[in-house]
Amino acid sequence: MRVWRAHAQDPTRHDAIIDICQSVMDKSATLGEYLPAVKTIAAWHLLASGKQQDAVRVFESALTTDPSAPVIARNANTLARRWLTRIDHLTVEKALRTYYVSNVAFPESLRSIMTQPNPPPRTDRFGAEWIYKTESLRRVANTQNQRFTLHSQTLGSRLTALKQFPFTSYGKRQASIVTRRQGTPMLVEFETLAEPGAPPQRGTASEGSAVNGIRFLKLSSDGQFALMIESDSDFWVVATGGR
């Protein structure tokens, strides 16, 4: 909560929030299962502040291939792979533009850049091959392979490019706890906002289920906050309040 409060107060204070994340991660033994969430928040701020290599290192530290890992770790893994895919997308784009400088055209397929020294990643971070297509200039004849589209199969064309995400804000959804209902499973009623200024919605969810575009992962042991994640798995949401 120390990290989240600083992050939610002003998500553009990247260096300050990175320092807070680091001070918390230095005491990782006390974080338990919440450590992967703090790591990926730190990595997002590193990426936003231009420290791309450090962001990659921290995102990769949150990866897991264990299907039985705790729910927060599994969702942090998905979130990290999505952001790492966007960073890798930039690397593939750079290789394509380097190829263009020498050939005055983009390659027919990505195979041409994969045989170069230090080739870019062949797949996204989920193991799916990139979707790549070349285009001609519409109003100029005989101009083959002068444009290209490139995106991840997993993320889709709308969500692959890193430039789609301004780093002046963090996600769009917000949530607060209205009530907790004891039982098995425990049910928590949330009030959610799809984006700032939108009318609030209410819905009830158990741990692991979604409500209004946010998945409820874990209620803290003291019942003071709930860790959630946006349904596309790009941003964490923390809900507090209730009784």
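Quick caveat: nothing in here was measured; it's all calculated off a predicted structure.

A. Broad picture of the side chain of Asp 124. On the secondary structure map, Asp 124 appears in the loop between α6 (111-114) and β1 (130-135). The buried charged residue Asp 124 lacks any salt bridge, with Arg 81 as its nearest oppositely charged partner at 8.0 Å. A distance of 2.8 Å separates a polar atom in the side chain of Asp 124 from the backbone nitrogen of Phe 126. One polar contact links Asp 124 to Thr 154, side chain to side chain, over a distance of 2.7 Å. Once residues within four sequence positions are removed from consideration, Asp 124 is found in contact with Thr 85, Trp 130, Ser 152, Gln 153 and Thr 154.

B. Just the packing of helix α2 (residues 14-25) against helix α3 (residues 35-48), in detail. Packing of α2 against α3 leaves a shortest axis separation of 9 Å and a crossing angle of 150°. Comparing their axes, α3 and α2 come out roughly antiparallel. Remark: the crossing between α2 and α3 carries left-handed chirality. In this structure, α2 contributes His 14, Ile 17, Ile 18, Cys 21, Val 24 and Met 25 to the contact, and α3 contributes Leu 35, Val 38, Lys 39, Ile 41, Ala 42, Trp 44, His 45, Leu 46 and Ala 48.

C. The packing of aromatic side chains, seen in detail. The full count for this structure, using the stated rule, is 13 aromatic pairs. Ring centres of Trp 44 and Tyr 170 lie 4.9 Å apart, and the angle between their planes is 90°; this geometry places the pair in the edge-to-face category. You can see Trp 44 sitting in helix α3 and its partner Tyr 170 sitting in the loop between β2 (147-152) and β3 (174-181), a full 126 residues away along the chain. The class of Tyr 170 is buried, set by a relative accessible area of 13%. Considering the side-chain rings of Tyr 100 and Phe 106, the 4.6 Å spacing of their centres and the 40° angle between planes classify their relative orientation as tilted.

D. Inspection of the nonpolar core at higher detail. Residues Cys 21, Leu 47, Phe 59, Trp 83 and Trp 236 are the most contacted members of the largest nonpolar core, which totals 45 residues. If you list the elements that add at least two residues to this core, you get α1 (2-9), α2, α3, α4 (52-61), α5 (71-103), β8 (225-230) and β9 (236-240). In this structure, Ile 177, Val 188, Met 228 and Ala 239 belong to the second largest nonpolar core, which totals 13 residues.

E. Main features of α4. Within α4, burial applies to Ala 55, Val 56, Val 58 and Phe 59. Elements in contact with the buried residues of α4: α3 and α5.

Rules used throughout
Residues numbered from 1 in each chain as written. Predicted model: local features only at pLDDT ≥ 70, side-chain atom pairs only at ≥ 80, totals over all residues. Heavy atoms only, no water. Helix = DSSP H or I, 4+ residues; strand = E, 2+ residues; numbered from the N terminus. Buried < 20%, exposed > 50% of the residue type's maximum accessible area, 1.4 Å probe, protein only. Lys, Arg positive; Asp, Glu negative; His and termini not counted. Salt bridge = Lys/Arg side-chain N within 4 Å of Asp/Glu carboxyl O. Polar contact = N/O pair within 3.5 Å; in protein donor to acceptor, adjacent residues only side chain to side chain. Contact = heavy atoms within 4.5 Å. Axes fitted to C-alpha atoms, helices over the stretch in contact; angles between N-to-C directions. Parallel < 35°, antiparallel > 145°, perpendicular 65-115°, else oblique. Left-handed = near helix turned anticlockwise from the far one by under 90°. Phe/Tyr/Trp six-rings, centres within 6.5 Å; stacked < 30°, edge-to-face > 60°. Core = buried A, V, L, I, M, F, W, Y, C linked by side-chain atoms within 4.5 Å.

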